[in-house]
Amino acid sequence: EMGQVNFLFSDKTGTLTANEMVFARCHVGGRDLGEFRKGADGAAGAGLLEARELMQKGKGSDPLYEGVLNFFTCLAVCHSVQVTQRASEADPAQA
């Protein structure tokens, strides 16, 4: 089981999160998977259970499978955001 990664979250500076990030919920393919945070009793949230079950069933088991797989893959590997501005929106003072 060494080397397996289920979820990876990154906040490079910790400025906004005080180095504590908690994934709450997500919508994939127009469907709300539900709550991912643990309940007061420590049990896994319904969204986590649904996503895990979907991934364990594998490809072809559900039309949402590919979307959920792509969502979590991107969440794990996309570490940067680059803001671009169209020329028509550029500040004339900076042109």
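Everything below is about the structure printed above this text.
In short, a report on the structure. (Residues numbered from 1 in each chain as written. Predicted model: local features only at pLDDT ≥ 70, side-chain atom pairs only at ≥ 80, totals over all residues. Heavy atoms only, no water.)

### A few points about the overall build of the chain
Within the chain one finds two helices and two strands. Taken from the N to the C terminus, the helices and strands of the chain come in the order β-β-α-α. Summarising the internal contacts of the chain: among those between residues at least 6 apart in sequence, 32% fall at separations of at least 24. Roughly 7700 Å² of accessible area belongs to the chain as shown, and the carbon and sulfur atoms make up 53% of that amount. (Helix = DSSP H or I, 4+ residues; strand = E, 2+ residues; numbered from the N terminus. Contact = heavy atoms within 4.5 Å. Areas by Shrake-Rupley, 256 points an atom, 1.4 Å probe, with all protein chains shown as cover.)

### Here's the deal with helix α2 (residues 65-77)
Since the α-helix packs 3.6 residues into each turn, any two residues three or four apart lie on the same face. Compared with the 18 Å implied by 1.5 Å per residue over 13 residues, the 18 Å span of α2 between its first and last C-alpha is a close match. Of the positions making up α2, those classed as buried are Y65, V68 and F72. When α2 is viewed along its axis, its buried side chains cluster within an angular range of 75° and face the same direction. Residues of α2 that are buried sit in contact with β1 (25-28), β2 (31-35) and α1 (46-57). (Expected span 1.5 Å × (residues − 1). Buried < 20%, exposed > 50% of the residue type's maximum accessible area, 1.4 Å probe, protein only. Arc of directions from axis to C-beta.)

### Topic: the pattern of salt bridges
Tallied over the full model, the rule gives five salt bridges. For R25, the salt bridge goes to E35, with nearest N and O atoms at 3.5 Å. Remark: E35 occurs in strand β2 and R25 occurs in strand β1; sequence separation between them is ten residues. Take R25: its relative accessible area is 41%, and that puts it in the partly exposed class. Of the charged contacts, one joins E35 and R37 as a salt bridge, the two residues approaching to 2.5 Å between their closest N and O atoms. With relative accessibility at 23%, the residue E35 sits in the partly exposed group. Salt bridges sharing common partners tie together R25, D32, E35 and R37. (Salt bridge = Lys/Arg side-chain N within 4 Å of Asp/Glu carboxyl O.)

### Some thoughts on the pairing of β2
Examined bridge by bridge, β1 and β2 share four bridges and lie antiparallel to one another. Looking at the pairing, R25 lines up with E35 of β2. (Pairing = 2+ DSSP bridges.)

### Looking at the packing of aromatic side chains
For the coordinates displayed, the defined rule picks out five aromatic pairs. With a centroid separation of 4.9 Å and an interplanar angle of 85°, the aromatic rings of F71 and F72 are classed as edge-to-face. Accessibility expressed as a relative area gives 27% for F71, which makes it partly exposed. Here the aromatic residues F23, F36, F71 and F72 are joined through ring pairs into a cluster of three or more. (Phe/Tyr/Trp six-rings, centres within 6.5 Å; stacked < 30°, edge-to-face > 60°.)

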